[in-house]
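The primary structure of each chain is shown beneath.
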Amino acid sequence: MITQMQVKGLMFDPYNNAYIVVLRDEDEAEMLPIWVGKSEASAISLALEHVAPPRPMTHDFMKSFLDAYNAKVISVVISDLNEHTYFAKVHLMYEDSEYAVDSRPSDAIALAIRSEAPIFANDSVIRKQSSEELEQWLENLKPDDFGKLDS
Amino acid sequence: MTNTAQSNVQDLIPLSVSRVVEDTNTDTRIIVLTRTDDSDTFTIWVGAPEGDSIRRALDSATPPRPMSHDLVKSFGEHFGITTKRVVLTDVKSSTYYATVFLENKGVERSIDARPSDAIALALRTHAPIYATQDVWKRRSGQHLDAWLAKLDTKDIDTQEV
């Protein structure tokens, strides 16, 4: 089974100097936090905010590549979680055939938003990643932790 | 560089990527391109993630997970889309523009790209890289050799695989 997820936002994680893409299901019962690098976060953020950069960025280029031959992104699935690393598949339709291509979740999400394709997560991934972990992490954050960034 | 690619694009300047130099002051990367029929070079500044992607391709490094340009390559392999060539087509206010020429079952398409994405894909797909005569004439970096040499000994030699 898979559950459709929405990108709820991007957060900065000062401990790991990385960003967290927060995916939630429609009922907001489940949450998947996915850690990504700065440039990946920027690629997702530009798409979320519908910013059209003056030049095609890498994922715009990726979409142009697919558009050139009418390959359509049908959906993106966060397919596995193994030792804190998420794996994703991009499902595409090209000339009446369906393809599943392995991808990092960050590329998959950046491409899904640009293609207006739905994002899903395997239920096994959601089970593995109980949202407790993130909540615990958030609870442990103190205002001081954010202040450290400026010092 | 294949003969077929050359014959279609006789007026273009064939280029190869010599190296990627780290500019730590600005967190950018400098791509040094060399004429394959000459030894003249020119340089393009690109962002750190794109520059690092080009460096990985130069080193033939296989990352444990597909990075963004590996994913584009993978799409091409799945659909039978080949990258025929990459051409640096224009330069305005020191900003370079590129076009990627693709082919599938005899149908050629071209897409606009930043040179960094175009070169990152070209290296992964073994596609030739060219500049137009106009871009070549207006290129920057003809007098940067000494400066690059200084950077090289410090930053690059240690990163050779």
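What comes next concerns the included structure. (Residues numbered from 1 in each chain as written. Chains lettered and ligands numbered in written order. Predicted model: local features only at pLDDT ≥ 70, side-chain atom pairs only at ≥ 80, totals over all residues. Heavy atoms only, no water.)

Observations regarding the overall build of chain A
In terms of helices and strands, chain A carries six helices and seven strands. When the helices and strands of chain A are read in sequence order from the N terminus, they spell out β-β-β-α-α-β-β-β-α-β-α-α-α. Relative to its 151 residues, chain A shows a buried fraction of 48%. Looking at chain A alone, contacts between residues at least 24 apart form 52% of all its contacts between residues at least 6 apart. When the accessible surface of chain A is split by element, carbon and sulfur atoms take 48% of a total near 8000 Å². (Helix = DSSP H or I, 4+ residues; strand = E, 2+ residues; numbered from the N terminus. Buried < 20%, exposed > 50% of the residue type's maximum accessible area, 1.4 Å probe, protein only. Contact = heavy atoms within 4.5 Å. Areas by Shrake-Rupley, 256 points an atom, 1.4 Å probe, with all protein chains shown as cover.)

A closer look at the pattern of salt bridges
All names here are of chain B. According to the stated counting rule, one finds 24 salt bridges over all chains in the structure shown. In this structure, E103 engages K84 in a salt bridge whose closest nitrogen and oxygen atoms are separated by 3.5 Å. One end of the pair, E103, is in strand β5 (residues 95-104); the other, K84, is in strand β4 (residues 82-92), and 19 residues separate them in sequence. Judged by relative accessible area, E103 falls into the partly exposed class, the value being 23%. Where D90 meets R138, a salt bridge forms, and the shortest distance between an N and an O atom there is 3.8 Å. In this pair, D90 is assigned in strand β4 and R138 in the loop between α5 (133-137) and α6 (145-156), connecting sequence segments 48 residues apart. Residues participating in the shared-partner salt-bridge network are E22, D27, R29, D52 and R55. (Salt bridge = Lys/Arg side-chain N within 4 Å of Asp/Glu carboxyl O.)

Digging into the pairing of strand β7 (residues 119-122) of chain A
Residue and element names in this part refer to chain A. Sheet topology note: the strand β1 (residues 2-13)/β7 ladder contains four bridges and is antiparallel. Note on β7: the bridge partner recorded for Q4 is F120. Judged from the three bridges that link them, strand β4 (residues 72-82) and β7 form a sheet pairing that is parallel. Note that in β7 the partner of V77 across the bridge is F120. (Pairing = 2+ DSSP bridges.)

Considerations on the sheet that holds strand β5 (residues 85-94) of chain A
Residues and elements named next belong to chain A. Judged by pairing direction, the sheet is mixed, and its seven strands sit side by side in the order β3-β2-β1-β7-β4-β5-β6 without closing on themselves. Either end of the sheet is taken by a strand with one partner, and the two such strands are β3 (31-36) and β6 (97-103). When the angles between neighbouring strand axes are averaged without regard to direction, this sheet yields 35°. The strands touched by helix α1 (residues 38-48) within the sheet are β1, β2 (18-25) and β3, with β1 carrying the most contacts at an inclination of about 115°. Seen against the sheet, helix α3 (residues 105-115) touches β1, β2, β3, β4, β5, β6 and β7 and runs at an angle of roughly 155° to β4. (Axes fitted to C-alpha atoms, helices over the stretch in contact; angles between N-to-C directions.)

Considering the interface of chain A and chain B
Interfaces are often sized by the accessible area lost when the parts come together. Facing the 30 residues of chain A at the interface are 33 residues of chain B. Both sides of the chain A and chain B interface together cover about 2800 Å² of buried area, and 69% of this is carbon and sulfur. Looking at the side of chain A facing chain B, the largest losses of area belong to F61(A), F65(A) and Y69(A), adding up to 29% of the total buried there. Where chain A touches chain B, the interface holds one salt bridge. Put simply, E95(A) and K105(B) hold a salt bridge, and the shortest N to O gap is 2.6 Å. Elements represented by at least two residues in the side of chain A that touches chain B include exactly α2 (58-68), β5, β6 and α3 of chain A. Of the residues forming the side of chain A that touches chain B, the biggest block, eight residues, is contributed by α2(A). Classifying every residue of the side of chain A that touches chain B by side-chain character gives 19 nonpolar, six polar and five charged. (Buried area = accessible area lost by both parts, 1.4 Å probe. Nonpolar A, V, L, I, M, F, W, Y, C, P; charged D, E, K, R; others polar.)

The values are spatial; any link to function lies outside them.
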